[in-house]
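What follows is the residue order along each chain.
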Amino acid sequence: MLRDLIRLAGKRKAKLISSCFLSIISSGLSVIPFLLIYQLLLLLFSSNTNQENTWFLVALLPFVYTIMYIVLIYAYDLSHRAAYEILYDVRIELGQRMTKLPLGYFNEKNTGETETIMNENVERLEFFLAHHLPETITTIFVPGFLAALLFALDWWMAMASTSLIIIALVIILLNARKWQGMVDKFLTAQSRVNSTIVEYTQGIAAIKAFNQTAESFGKYRKNMAMWRNTLVKWSKETALPFTLYQAFITSPLVVIIPVGVWLYRHETLTLEMFLLFLLVGPIFGNLFMRIYQFLRYWLEEKECMDRVNKLRYAKVLPDYEEGRSPSRFDITFRDVSFSYDGDEKNVLHGINFHVPQGTMCALVGPSGTGKTTIARLVPRFWDVKNGEILIGECNIKDFPLERLLSCISLVFQEIYLFNDTILKNIRLGKPEATEEEVKAAACAARCDEFIEKLPDGYNTLVGERGLGLSAGEKQRICIARALLKDAPIVILDEATAFIDPENEKLIQEAVNNLVKDRTVLVIAHMLSTITNVDQILVVEKGRIVERGKHKELVKEGGLFSRMWEAHISALGWGIRS
Amino acid sequence: MGMFRESFFLAGNNKNRLKFIFSLMALRGIVKILPLLILYLVVLELLSARVDLGKILVLTAILATAFFVINIWDHYLALSAMKLGHKLSYDIRISLSDKLRKLSLGFFSRRPTG
Ligand SMILES: Nc1ncnc2c1ncn2[C@@H]1O[C@H](COP(=O)(O)OP(=O)(O)OP(=O)(O)O)[C@@H](O)[C@H]1O
Ligand SMILES: [Mg+2]
């Protein structure tokens, strides 16, 4: 834990440590009033009561408190500043880190997780560094110093005051081992409930439209009940140890009084000392109340720290600042095999093909066979496991990543528009493009006529929170984006969404403009759109099983010819998918 | 006070249980003064001219009993408060999503779900 903390603090170590140190000093100061009270009691009960001394002691009390608070405020000030600076560093570093992570890192699961890390977890850490860390130190050191004082004053009475508290601490330590697992379970139940809610609310329109409300509501209710039961069980399990803990730390008086009376009768204890312990005993016990709370915070915050550190030290793609630039733009796969992180099984096995510059190559095959994976290896979403991918004569790993990405236009299978204007969404392809260039690209992508009909034209807001565009329109915006980028290599993963014939024709025109004179890798779902491409690769279960031109493949009578027959008979029936 | 009214509104059918728990919490505050009172009596006895040890021990016994009762009380109060809390948030979520289920389809095309 401490090592993680130092690692997190990085360059701001000194500030953090001084803040901790000041907190310890302030804890030490906080026991002085008890000593003063004892002196006061001694004075009050002594035969020659000295008025002056009494008043002096009384006046000293606020003075000590003032110094203590000044030190504490200074400690907090330092810890806040350290927290802001550390988290600023961490955020910047995470931001930079993210640009260096392989694109493939940002799949759906990781994107959600990364978002949680960047937002919630980092914020929790801020709270931890600014508040909980100094508070934990005072929570531990104030009772520590006070115990030392009590033992220095009277050994037997100190034993009486601490005995119950030691029992309480033993109970907690025995239980704390189980806690880690419980925190884990709790966080898991929590995240499951969150995803259920998101799924339910985001899917509600579809759920209703397909008249599935009863079934999915049942599932929702079941998940909620499960979450509630986990919570109830957890509360029950933690309630008893907590009650015992609280019982033991709040009742030291029950031991202090009898022991005190016994010692007092045997005249080994003065009245003043007895009174002091009667006063300090309950206060001492209450100081331990907060330790319980802080144990819980620490467990949760340690988890946050682990997650932040995990992202901070996630594996990045090896990259160079300097390197070669591609001279030609043909794509070659040589014996490429690949498996996703954590999977033993290869998704791709020994893929070999060559796309000469300026030609078009189509990947077809059943769903889930690895077409998207092949396409995404070219812009290095992930690095291949075996074999190599070349652009020109050069392995793609030898280009600086930025230069590699700059010569590839990507159109993804899942269309994503940012919550911004259409103009900005297209301009993403080339940030320095003028408005004329954007409009020209939109025109070539057949977007212009539907954009002109929109209320604010190019300045209409789209995306999640904006206007709803049809799948075909969104796709054309993505194509416009790629056209604007004007890169020599185009990778086009066609959407599988249903698109009406009218839109389809427009998309086809847009695609034709996009692929003109470029090296193209296209993943096609409509076989009729690729009858004229230079080569077709048929992928099945991660292997290329057939290759050639459309006519040759149809003649061959293999998988492709069966797919082709299915395709044209579907067209014949007037069903398009 | 507004917060109390709001929580009663949210509680719906659980209103009475919620009221019960709130009043138990108020009572608990009063009971917590008891140990301090006993401590005061003990100190008085110690300061008096002739210290009656028997009386002090009786007071200690009362104190121990008081702590015992308070802690059992606390335990069940915390348990039922937590249980009711979980039940409440469950009921609210279910009734909200039930409502969602009954809204018209058009509602969702106007309103972002996020
Ligand atoms: N990010 C990922 N992590 C782990 N496995 C993945 C990931 N993406 C895809 N897969 C798996 O790899 C295999 C190939 O998936 P891929 O997306 O390449 O198929 P596809 O041919 O593009 O399918 P479709 O035609 O449906 O788009 C599938 O079994 C899929 O489950
Ligand atoms: Mg795919």
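Residues numbered from 1 in each chain as written. Chains lettered and ligands numbered in written order. Predicted model: local features only at pLDDT ≥ 70, side-chain atom pairs only at ≥ 80, totals over all residues. Heavy atoms only, no water.

Chemist: Help me out: how do you make sense of the overall build of chain A in this one?
Modeler: Summing up its helical and strand segments, chain A has 19 helices and ten strands in all. Per-residue burial for chain A yields a buried fraction of 47% across its 577 residues. The long-range fraction of contacts in chain A, counting pairs at least 24 apart against all pairs at least 6 apart in sequence, stands at 79%. Carbon and sulfur atoms make up 58% of the accessible area of chain A, which amounts to about 29,500 Å² in all. (Helix = DSSP H or I, 4+ residues; strand = E, 2+ residues; numbered from the N terminus. Buried < 20%, exposed > 50% of the residue type's maximum accessible area, 1.4 Å probe, protein only. Contact = heavy atoms within 4.5 Å. Areas by Shrake-Rupley, 256 points an atom, 1.4 Å probe, with all protein chains shown as cover.)

Chemist: Please clarify how the overall build of chain B should be interpreted in this entry.
Modeler: Scanning chain B from N- to C-terminus turns up five helices and zero strands. Order of helices (α) and strands (β) in chain B, N terminus to C terminus: α-α-α-α-α. Taken across its 114 residues, chain B has 28% of its residues classed as buried. Looking at chain B alone, contacts between residues at least 24 apart form 64% of all its contacts between residues at least 6 apart. Accessible area for chain B stands at about 7,600 Å²; split by element, carbon and sulfur atoms hold 69% of it.

Chemist: Help me understand the sheet that holds strand β1 (residues 331–338) of chain A, please; the structure alone is not making it clear to me.
Modeler: Paired through their backbone hydrogen bonds, the strands of a sheet run either parallel or antiparallel. Residues and elements named next belong to chain A. Taken together, the four strands give an open sheet; going across it, the order is β2-β1-β4-β5, and neighbouring strands pair in antiparallel fashion. Pairing within the sheet leaves two strands with one partner each, and these edge strands are β2 (348–355) and β5 (394–395). Where β1 lies against β2, five bridges are found, and the strand directions are antiparallel. Along β2, the bridge assignment pairs Thr332 with His354. (Pairing = 2+ DSSP bridges.)

Chemist: I tried to follow helix α16 (residues 471–485) of chain A on my own but got confused; where do I start?
Modeler: An α-helical turn contains 3.6 residues, so a residue and the one three or four places further along point in the same direction. All names here are of chain A. With 15 residues, α16 ought to run about 21 Å at 1.5 Å a step, and its terminal C-alpha atoms sit 21 Å apart, in line with that. Buried residues dominate α16, accounting for twelve of its 15 residues. Of all the positions in α16, only Gly472, Glu473, Gln475, Arg476, Ile477, Cys478, Ile479, Ala480, Arg481, Ala482, Leu483 and Leu484 are classed as buried. Remark: Asp486 follows α16 within two positions and exhibits a positive phi of approximately 55°. (Expected span 1.5 Å × (residues − 1).)

Chemist: Before we go on, may I ask you to explain the confidence of the model for chain B in this structure?
Modeler: Low-pLDDT portions of the prediction should not be read for the details of their coordinates. On average, residues of chain B score 75 in pLDDT, and 75% of them are at 70 or above. Of the regions scoring below 50 in pLDDT, residues 109–114 of chain B engages in four contacts with residues more than four places distant in sequence or in other chains. (pLDDT = per-residue confidence, 0-100.)

Chemist: Would you explain the packing of aromatic side chains in this entry?
Modeler: By convention here, two paired aromatic rings are described through the distance between centres and the angle between planes. Residue and element names in this part refer to chain A. Taken as a whole, this structure holds ten aromatic pairs over all chains when the rule is applied. Centre to centre, the rings of Phe338 and Tyr340 are 5.1 Å apart; their planes meet at 80°, and the pair counts as edge-to-face. Using a relative accessible area of 3% as the deciding quantity, one classes Phe338 as buried. (Phe/Tyr/Trp six-rings, centres within 6.5 Å; stacked < 30°, edge-to-face > 60°.)

Chemist: Even after reading the chapter, I still don't get the nonpolar core, so can you show me in this structure?
Modeler: Soluble globular proteins tend to pack their nonpolar side chains together in the buried interior. Ranked by size, the top nonpolar core spans 58 residues in total, and within it Tyr245(A), Ile257(A), Leu278(A), Phe284(A), Val42(B) and Leu46(B) carry the most contacts. If one sorts the elements of this core by residue count, helix α6 (residues 155–209) of chain A sits on top with eleven residues. Formed by 46 residues, the second largest nonpolar core is a distinct cluster that contains Ala441(A), Leu492(A), Val515(A) and Phe560(A). (Core = buried A, V, L, I, M, F, W, Y, C linked by side-chain atoms within 4.5 Å.)

Chemist: Looking at this structure, how should I read helix α14 (residues 435–444) of chain A?
Modeler: All names here are of chain A. Residues of α14 that are buried: Val438, Ala441 and Ala442. Summarising the axial view, the buried residues of α14 lie within an arc of 100°, below the 170-degree limit, and thus occupy one face. Contacts from the buried residues of α14 go to α13 (422–427), α15 (448–453) and α16. Positioned one or two residues after α14, Arg446 has a phi angle of 60°, which is positive. (Arc of directions from axis to C-beta.)

Chemist: Would you mind going over the confidence of the model for chain A with me for this structure?
Modeler: Overall, the predicted model of chain A reaches an average pLDDT of 82, with 88% of residues at or above 70. Considering each helix and strand of chain A separately, the mean pLDDT is smallest for helix α1 (residues 2–9) of chain A, with a value of 73, and largest for β1(A), with 94.

Chemist: Quick question: what am I supposed to make of a nonpolar patch on the surface here?
Modeler: A contiguous nonpolar patch, built from Phe68(B), Val69(B), Ile72(B) and Tyr76(B) and spanning about 430 Å² of accessible area, is present on the exposed surface. Relative to the assigned elements, Val69(B) resides in helix α4 (residues 53–102). (Patch = residues over 30% accessible without salt bridge, like charges linked within 9 Å, V, L, I, M, F, W, Y side chains within 5 Å. Salt bridge = Lys/Arg side-chain N within 4 Å of Asp/Glu carboxyl O.)

Chemist: Where do I start with unusual backbone geometry in this structure?
Modeler: Note: most residues except glycine have negative phi, and most peptide bonds are trans. All names here are of chain A. The phi dihedral of Arg446 falls on the positive side, at around 60°, and the residue is not glycine. Looking at the secondary structure, you find Arg446 in the loop between α14 and α15. Of note in the backbone geometry, Asp486 takes a positive phi value of approximately 55° without being a glycine. Assignment of secondary structure puts Asp486 in the loop between α16 and β7 (489–493).

Chemist: Just checking my understanding: could you explain the site of ligand 1 for this structure?
Modeler: All names here are of chain A. Neighbouring ligand 1 are twelve residues, the closest being Ser367, Gly368, Thr372, Thr373 and Gln413. Measuring from an oxygen atom of ligand 1, one finds a backbone N or O atom of Gly368 at 2.8 Å. Thr369 is positioned such that a nitrogen or oxygen atom in its backbone is 3.2 Å from an oxygen atom of ligand 1. Protein coverage of the free-state accessible area of ligand 1, which is 640 Å², stands at 64%. (Near = heavy atom within 4 Å. Polar contact = N/O pair within 3.5 Å; in protein donor to acceptor, adjacent residues only side chain to side chain.)

Chemist: Teacher, can you tell me more about the pairing of strand β8 (residues 519–523) of chain A here?
Modeler: In summary, the side chains of a regular strand alternate between the two faces of the sheet. Residues and elements named next belong to chain A. The buried fraction of β8 amounts to five of the five residues, a majority that puts the element mostly inside the structure. Across four bridges, strand β3 (residues 360–364) lies against β8 in parallel orientation. Looking across to β8, one finds that Ala362 is bridged to Val522. Here β7 runs beside β8; their pairing, made up of five bridges, is parallel. Each bridged residue has a counterpart across the sheet, and for Ile489 the counterpart in β8 is Thr519.

Chemist: How should I be thinking about the packing of helix α9 (residues 271–287) of chain A against helix α3 (residues 34–47) of chain B in this particular structure?
Modeler: Packing of α9(A) against α3(B) leaves a shortest axis separation of 11 Å and a crossing angle of 175°. It follows from the interaxial angle that α9(A) and α3(B) lie roughly antiparallel. Together, Leu271(A), Phe274(A), Leu275(A) and Leu278(A) of α9(A) and Leu39(B), Val42(B), Val43(B), Leu46(B) and Leu47(B) of α3(B) make up the contact between the two elements. Across the contact of α9(A) with α3(B), the residue classes break down as nine nonpolar, no polar and no charged. (Axes fitted to C-alpha atoms, helices over the stretch in contact; angles between N-to-C directions. Parallel < 35°, antiparallel > 145°, perpendicular 65-115°, else oblique. Nonpolar A, V, L, I, M, F, W, Y, C, P; charged D, E, K, R; others polar.)

Chemist: I tried to follow the pattern of salt bridges on my own but got confused; where do I start?
Modeler: Working definition: two side chains of opposite charge can pair if their charged atoms are close together. All names here are of chain A. Per the counting criterion, the structure on display carries 15 salt bridges over all chains. The salt bridge involving Asp383 is made with Arg380; its shortest N-O contact spans 2.9 Å. The class for Arg380 is buried, based on a relative accessible area of 1%. The salt bridge partner of Glu449 is Arg476, with a shortest N-O separation of 3.8 Å. One end of the pair, Glu449, is in helix α15; the other, Arg476, is in helix α16, with 27 residues separating them in the sequence. A relative accessible area of 38% means that Glu449 is categorised as partly exposed.

Chemist: Which parts of the structure should I look at to understand the side chain of Thr519(A)?
Modeler: Tracing the sequence through the fold places Thr519(A) in strand β8. Residues contacting Thr519(A), with those up to four places away along its chain left out, are Phe329(A), Asp330(A), Ile331(A), Val355(A), Pro356(A), Gln357(A), Gly358(A), Thr359(A), Pro488(A), Ile489(A) and Val490(A).

Chemist: Please explain the packing of helix α3 (residues 32–45) of chain A against α9(A) as it appears in this structure.
Modeler: When two helices pack together, their arrangement is given by the angle between the helix axes and by the axis-to-axis distance. Residues and elements named next belong to chain A. For the pair α3 and α9, the least separation of the axes is 9 Å and the interaxial angle reads 150°. Here α3 is positioned roughly antiparallel relative to α9, judged by the angle of their axes. As for the relative orientation of α3 and α9, their crossing is right-handed in sense. Along its contact with α3, which presents Phe34, Ile37, Tyr38, Leu41, Leu42 and Phe45, the element α9 presents Leu271, Glu272, Met273, Leu275, Leu276, Leu279, Val280 and Ile283. (Left-handed = near helix turned anticlockwise from the far one by under 90°.)

Chemist: How do you make sense of the environment of Val533(A) when you look at a structure like this?
Modeler: Residue and element names in this part refer to chain A. Relative to the helices and strands, Val533 is located in the loop between β8 and β9 (535–540). Each C-alpha atom of the pair Val533 and Cys361 lies 6.3 Å from the other, and the pair is 172 residues apart in sequence. Not counting the four nearest positions on each side in its chain, Val533 is found in contact with Met360, Ala362 and Lys549.

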